[in-house]
Amino acid sequence: METFEQYVPILLFVLVATGFALFTLIVSALVSSSKYNKVKLEPYECGIEPETDARDRYSVRYYLIAMLFVIFDVETVFMFPWAVIMDELALFGLIEMLVFIFILVLGYVYAWRKGALEWV
Amino acid sequence: MLDTLVIPLLKIVVLLNAILISVTFMVLMERKVIAWAQSRLGPMRVGPYGVLQAIVDPIKLILKEDITPVKADKMLFSLAPILSLVPALVAFAVVPFGGDELFYVADINVGLLFFLSVTSIGVYGIILAGWASNSKYPLLASLRASAQLISYEIAVTMTLVSVILTSGTLSMVGIVEAQLADGVWYGFIQPVAFVLVMIGALAETNRVPFDLPEAETELTGGFHTEYSGMRFSLFFLAEYANIIVISAVTALLFFGGWLRPFPNVEALAFLDIIPGWIWLFGKIFLFLYLFMWIRATLPRYRYDQLMRIGWKLLIPIALANIVVTGIVKVLV
């Protein structure tokens, strides 16, 4: 329970921050001016009337980057516990981690060679 | 009751106010610094040397009209700025402004990991803003922004592993105390990591030279093109709060936080007269100034260059840094 209690202030912070955001939005909604017309509420397209829907197809690269991110970030998070108790693990931990990083680098080189990291 | 709720609540309210006031004055400072860099005066009209601009601007933003475009997804459109601001503010919960319990909201044993996780929630705000706007520029900008943020996040997270290797703890207070025990700021032991984190910090906060998500010549206003009034202000606030918190964390990890320079040199002990939090504030201020200085100096990268730096340069260096740190730590 000792460690759990440390998170109570953080939970409070989340509540206070959310409350602040909502509060400012409500206050602003009460005091701000509002004169709407049809053109003002159109999506912005530099003065040209939008012809097509905005939610069109976009480059598959973004999807690829997102997948690579998930892989690499999860692998990086594995290193955190090792880094904290490195002193106790000493040489054994180092060799294990070098093997892990070697496998990670293999995947990285593969992604690079396949052109997954090229943008254009 | 008093210890678990009231005192943390007081600290949070004080900290929140400090953040908000810092942000308004930081905007003024940024305008001034950039103006001076360009041989201009900057804001001069409101109050002496335009100082009151920092107070007038938020009032103006509250009074501004708040538009929701007809095509927008109403719920998500309002949710996005909140989702962007709350993580930026909550990240301050684990930032200690001194070693004493008075100076931090929470010192959890996974502080640095918590900081990384919470700040990355902000990406959802950006994606939702672009998607909910249902407009072309915001959608493109939010895709760009999220791809950029997640790319640089890998590099920053990997770099921080080598810092944790050096300190042996994830607690923010613990990391500064480890620097005191080692008698040296980690910026001197881990210069490569420091440079990588600085580059990553610029990219994570969408600052020049990595401000592609807000490249106004290509994308007008970036992901918040459709936003106005208070909801726009929340994005703005989130952006600047992020800059402050990243500056603070960089100061804590690499510049000894509230420690004086050369904490192991006895001859400099007279510097201890200055309280720790002033040292920390000075360091944060220096980093904020550095951010503005870079903005006034450098041009913007092209998007493919940005992705190349993130994936092909920073990640290999960060990995090599981990390996070297690990080997040195075991052998020495």
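Values in this document were obtained by computation on a predicted structure and should not be read as measured data.

Asker: Please clarify how the overall build of chain B should be interpreted in this entry.
Answerer: Secondary structure assignment for chain B yields twelve helices and zero strands. Computed over C-alpha atoms, the radius of gyration of chain B comes to 20 Å, within 12% of the 20 Å expected from 2.2 N^0.38 for 332 residues, which places it in the range of a compact globule. Here chain B, with 332 residues, has 59% of them falling under the buried criterion. For chain B, contacts bridging at least 24 residues in sequence account for 78% of all contacts bridging at least 6. A total accessible area of about 13,300 Å² is found for chain B, and carbon and sulfur atoms account for 71% of it. Taken as two groups, the 21 positive and 22 negative side-chain charges of chain B have centres that lie 11 Å from each other.

Asker: Mind showing me how you'd approach unusual backbone geometry here?
Answerer: Backbone geometry follows two general trends: most residues other than glycine have a negative phi, and most peptide bonds adopt the trans configuration. All names here are of chain B. For the bond running from Val 208 to Pro 209, omega is 0°, close enough to zero to count as cis. Looking at the element boundaries, Pro 209 is found in the loop between α8 (191-204) and α9 (216-219). You will see that Ser 39, though not glycine, has its phi angle at about 55°, which is positive. For Ser 39, the location among the structural elements is in the loop between α1 (2-37) and α2 (53-63). Phi at Phe 262 is positive, roughly 50°, even though this residue is not glycine. Of the residues examined, Phe 262 reaches a relative accessible area of 47% and is grouped as partly exposed.

Asker: Before we go on, may I ask you to explain the packing of helix α3 (residues 74-90) of chain B against helix α10 (residues 229-254) of chain B in this structure?
Answerer: For any two helices packed against each other, one specifies the crossing angle of their axes together with the interaxial distance. All names here are of chain B. Where α3 contacts α10, the axes come no closer than 8 Å and their chain directions differ by 25°. In this view, α3 runs roughly parallel relative to α10, as classed from their interaxial angle. In this structure, α3 meets α10 at a crossing whose hand is left-handed. Note on element contacts: α10 touches α3 through Arg 231, Leu 234, Phe 235, Leu 237, Ala 238, Ala 241 and Asn 242, opposite Phe 77, Ser 78, Ala 80, Pro 81, Ile 82, Ser 84, Leu 85, Ala 88 and Leu 89. Class assignment for the residues of the contact of α3 with α10 results in twelve nonpolar, three polar and one charged.

Asker: Would you take a moment to explain the nonpolar core for this structure?
Answerer: Note that soluble globular proteins tend to have their nonpolar side chains buried in a common cluster. The biggest cluster of nonpolar side chains holds 123 residues, and the ones touching the most others in it are Phe 13 and Trp 82 of chain A. Trp 82 of chain A has contacts with Leu 89, Gly 93, Leu 94 and Met 97 of chain A together with Val 161, Leu 165 and Ile 322 of chain B, leaving out every residue within four places of it along the chain. Counting 15 residues, the second-largest nonpolar core is a separate cluster that includes Ala 80, Ile 126, Ala 132 and Phe 235 of chain B.

Asker: Just checking my understanding: could you explain the interface of chain B and chain A for this structure?
Answerer: Quoted interface sizes are often the accessible area lost when the parts come together. At the interface, 78 residues of chain B touch 64 residues of chain A. Carbon and sulfur atoms supply 77% of the area buried between chain B and chain A, which totals about 6,700 Å² over both sides. Looking at the side of chain B facing chain A, the largest losses of area belong to Lys 136, Trp 311 and Lys 312 of chain B, adding up to 11% of the total buried there. Connecting chain B to chain A are two salt bridges. Between Lys 329 of chain B and Asp 87 of chain A there is a salt bridge whose closest N-O contact spans 3.3 Å. Counting only elements with at least two residues in the side of chain B that touches chain A, the list comes to α1, α2, α3, α4 (111-133), α5 (136-167), α10 and α12 (303-331) of chain B. If one sorts the elements of the side of chain B that touches chain A by residue count, α5 of chain B sits on top with 15 residues. When its residues are assigned to classes, the side of chain B that touches chain A shows 53 nonpolar, eleven polar and 14 charged.

Asker: Just checking my understanding: could you explain the confidence of the model for chain B for this structure?
Answerer: Should pLDDT be low for a region, the predicted coordinates there are not to be read in detail. Of the residues in chain B, 99% have a pLDDT of 70 or more, and the chain-wide mean is 88. Confidence estimates for the predicted assembly give a pTM of 0.92 and an ipTM of 0.88.

Asker: Please clarify how the pattern of salt bridges should be interpreted in this entry.
Answerer: Two side chains carrying opposite charge are able to pair once their charged atoms lie near each other. All names here are of chain B. Under the criterion given, the structure shown has nine salt bridges over all chains. With a closest N to O distance of 3.2 Å, Arg 231 and Asp 66 form a salt bridge. Of the two residues, Arg 231 is situated in helix α10 and Asp 66 in the loop between α2 and α3; the sequence distance between them amounts to 165 residues. For the pair Arg 231 and Asp 66, one class covers both residues: buried. Residue Arg 300 is joined to Asp 211 by a salt bridge in which the shortest nitrogen-to-oxygen separation is 2.8 Å. Of the two residues, Arg 300 is situated in the loop between α11 (276-297) and α12 and Asp 211 in the loop between α8 and α9; the sequence distance between them amounts to 89 residues. Taking the relative accessible area as the measure of exposure, Asp 211 reaches 10% and is therefore buried. Via salt bridges that share partners, Glu 30, Arg 207 and Arg 295 belong to a single interconnected network.

Cut-offs applied
- Counting restarts for each chain: residues are numbered from 1 in the order of the written sequence.
- Whichever chain is written first becomes A and whichever ligand is written first becomes 1, with later ones labelled in order.
- Local features are withheld for residues below a pLDDT of 70 in this predicted model, meaning they are given only at 70 or higher, and side-chain atom pairs are given and counted only at 80 or more; totals for whole chains, interfaces and linings count all residues.
- Calculation of side-chain values draws on the structure's entire complement of heavy atoms; hydrogens and water are dropped beforehand.
- Only DSSP runs of H or I with at least four residues qualify as helices, and only runs of E with at least two residues qualify as strands; both kinds are numbered from the N terminus onward.
- Radius of gyration means the value over C-alpha atoms here, while the globule rule gives 2.2 Å times the residue count to the 0.38 power.
- Partly exposed describes any residue whose relative accessible area lies between the buried limit of under 20% and the exposed limit of over 50%, with all areas from a 1.4 Å probe on protein chains only and scaled to the type maximum.
- Whether two residues are in contact is decided by their heavy atoms: any pair within 4.5 Å suffices.
- Only the protein chains shown count as covering a residue, and every accessible area follows the Shrake-Rupley method with a 1.4 Å probe.
- Positive residues here are Lys and Arg, negative ones are Asp and Glu, while His and the chain termini are left out of the count.
- Charged side chains are reduced to one point each, which is NZ for Lys, CZ for Arg, CG for Asp and CD for Glu.
- As a rule, the C-alpha atoms of each element are fitted with a line to give its axis, helices using only the stretch in contact, and angles between N-to-C directions run from 0 to 180 degrees.
- The labels follow the angle: roughly parallel below 35 degrees, roughly antiparallel above 145, roughly perpendicular from 65 to 115, and oblique for the rest.
- Here is the rule for handedness: rotate from the far helix to the near one, and if that takes an anticlockwise turn smaller than a right angle the crossing is left-handed, while a clockwise turn gives right-handed.
- Ten residues, namely Ala, Val, Leu, Ile, Met, Phe, Trp, Tyr, Cys and Pro, are considered nonpolar, four, namely Asp, Glu, Lys and Arg, are considered charged, and the remaining ones, Gly among them, are considered polar.
- In this description, a nonpolar core means a group of buried Ala, Val, Leu, Ile, Met, Phe, Trp, Tyr and Cys residues linked to one another through side-chain atoms lying within 4.5 Å.
- In short, buried area is how much 1.4 Å probe accessible area vanishes from two parts on joining, totalled over both.
- The salt bridge criterion pairs a side-chain nitrogen of Lys or Arg with a carboxyl oxygen of Asp or Glu, the two atoms within 4 Å.
- Confidence scores per residue from the predictor, reported as pLDDT, run from 0 to 100.

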